[in-house]
Amino acid sequence: KYVLWPRIDQKSCFKSIATAGFVPIVIENLLEGDELRTDLAAVEKEIEDRGAESILCVLSTTSCFAPRVPDKVQELAKICKRHDVPHVINNAYGVQADRCMNLIEEAHRVGRVDAFIQSTDKNFLVPVGGGVVAGFDKAFIDEISKLYPGRASAAPTIDVFITLLSLGVAGYKRLLAERKELFKALSAGIAEVAAEHGERLLTTPHNPISLAISLSSLSHRGDGAGGAQRPGEDATFFGSMLFQRCISGTRVVAPGSSKTIAGQISPRSCAIERERCQHHGGSCLQPRLL
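Reference entry: report on the structure contained in this document.

Rules used in this analysis
Residues numbered from 1 in each chain as written. Predicted model: local features only at pLDDT ≥ 70, side-chain atom pairs only at ≥ 80, totals over all residues. Heavy atoms only, no water. Helix = DSSP H or I, 4+ residues; strand = E, 2+ residues; numbered from the N terminus. Buried < 20%, exposed > 50% of the residue type's maximum accessible area, 1.4 Å probe, protein only. Contact = heavy atoms within 4.5 Å. Areas by Shrake-Rupley, 256 points an atom, 1.4 Å probe, with all protein chains shown as cover. Phe/Tyr/Trp six-rings, centres within 6.5 Å; stacked < 30°, edge-to-face > 60°. Lys NZ or Arg CZ within 6 Å of the ring centre and 35° of its normal. Pairing = 2+ DSSP bridges. Axes fitted to C-alpha atoms, helices over the stretch in contact; angles between N-to-C directions. 1 Å grid on protein atoms, 1.4 Å probe; cavity = no way out; pocket = protein on both sides within 12 Å on 5 of 7 lines; lining within 4 Å. Points joined across faces, edges and corners; volume = space filled by probe spheres on them. Nonpolar A, V, L, I, M, F, W, Y, C, P; charged D, E, K, R; others polar.

1. Remarks on the overall build of the chain
Turning to step 1, where the next piece is worked out: Scanning the chain from terminus to terminus reveals nine helices and 13 strands.
Turning to step 2, where the next piece is worked out: When burial is assessed residue by residue, the chain has 41% of its 290 residues classed as buried.
Turning to step 3, where the next piece is worked out: When contacts within the chain are restricted to residue pairs at least 6 apart in sequence, those whose partners lie at least 24 apart make up 61%.
Turning to step 4, where the next piece is worked out: When the accessible surface of the chain is summed, it comes to about 16000 Å², and 58% of that surface belongs to carbon and sulfur atoms.

Given below as structure tokens:
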């Protein structure tokens, strides 16, 4: 009945659980420095309280937007093995990052990993529309493949085949190495630009694919009705300016915003979020550019 889901602010994961007819149990993260990390105790408590037999799986994540960092998948794998609960990993961007792949390998070695899923467009230089379901049990993956109705386009498969054939193993590994070096250069460059404007690059060493900077100077400048301030208004306007200038890879996250997805509100109400953030020094109340 239930899917335990350490929270990431990404709607597709949430929608997939609801569409399949299961109930998502959102596990809030812990703030450690600038990073949002897995609350392992909360995951295990949910399993014990609800009963392992009522839980379809734990759906963890390795690739996500900073300041969220990859889940502690090794520890989650141990918990899943101990309670005999299936463990599925969202590895959307992870193939391109050896750290993410190493996390999955280690999780399988020490605990339970049933399957991990990744996007073709995010890892193999092809158009949007394909995915790869992988795992360590060939028979289990074969059973998954038999569920496919066989009516969709073959284009994603052909695109990946052509791309990998043209690159070869050496070419693909070269691109992975280049990406790692460019990420270091990007981090240094963004940190420099942020400092010039009185902002800072958030410290998220456990996230190998995403960066975030503070937008504290845009926190409380917008005027609401009657002259009242609306936190983050200027930050969201800044985000719209970027989008209008065809800078579509970035997003601005402002405090207090919420969305209703599949009948549930995400994130938590502003009051609860504010209380939680203030407990950690208020750092996550600031708008951020991801």
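Past the structure itself, the notes keep going.
2. As for the packing of aromatic side chains
Turning to step 1, where the next piece is worked out: The tally for this structure, following the rule as stated, stands at four aromatic pairs.
Turning to step 2, where the next piece is worked out: Arginine 50 extends its terminal NZ or CZ atom over the ring of tyrosine 2, reaching a point 4.7 Å from the ring centre.
Turning to step 3, where the next piece is worked out: Stacked on the ring of tyrosine 93, the Lys or Arg lysine 122 has its end atom at 5.3 Å from the ring centre.

3. Let's talk about the sheet that holds strand S9 (residues 213-214)
Turning to step 1, where the next piece is worked out: The strand order across the open sheet formed by three strands is S9-S13-S10, and the pairing between neighbours is antiparallel. With one partner strand each, in any of the chains shown, S9 and strand S10 (252-253) form the two edges of the open sheet.
Turning to step 2, where the next piece is worked out: Judged from the two bridges that link them, S10 and strand S13 (residues 288-289) form a sheet pairing that is antiparallel. Counterpart to valine 252 in the pairing with S13 is leucine 289.

4. Describing the sheet that holds strand S8 (residues 131-134)
For sheets, the rule is that strands pair by backbone hydrogen bonds, running either parallel or antiparallel.
Turning to step 1, where the next piece is worked out: Read across the open sheet, the six strands follow the order S2-S1-S5-S6-S7-S8; overall the sheet is mixed. Where the open sheet ends on each side, the last strands, each with one partner, are strand S2 (23-27) and S8. Pairwise comparison of adjacent strand axes, ignoring direction, gives a mean angle of 20 degrees for this sheet.

5. Observations concerning the layout of surface pockets
Turning to step 1, where the next piece is worked out: Estimates place the volume of the second largest pocket at around 670 Å³.
Turning to step 2, where the next piece is worked out: Forming the walls of the second largest pocket are 26 residues, and the residues nearest its centre are Ile190, Leu211, Thr250, Leu289 and Leu290.
Turning to step 3, where the next piece is worked out: Among the elements that take part in the lining of the second largest pocket, helix H7 (residues 155-196) stands out by supplying seven residues, more than any other.
Turning to step 4, where the next piece is worked out: When the residues that make up the lining of the second largest pocket are grouped by side-chain class, the tally is 18 nonpolar, six polar and two charged.

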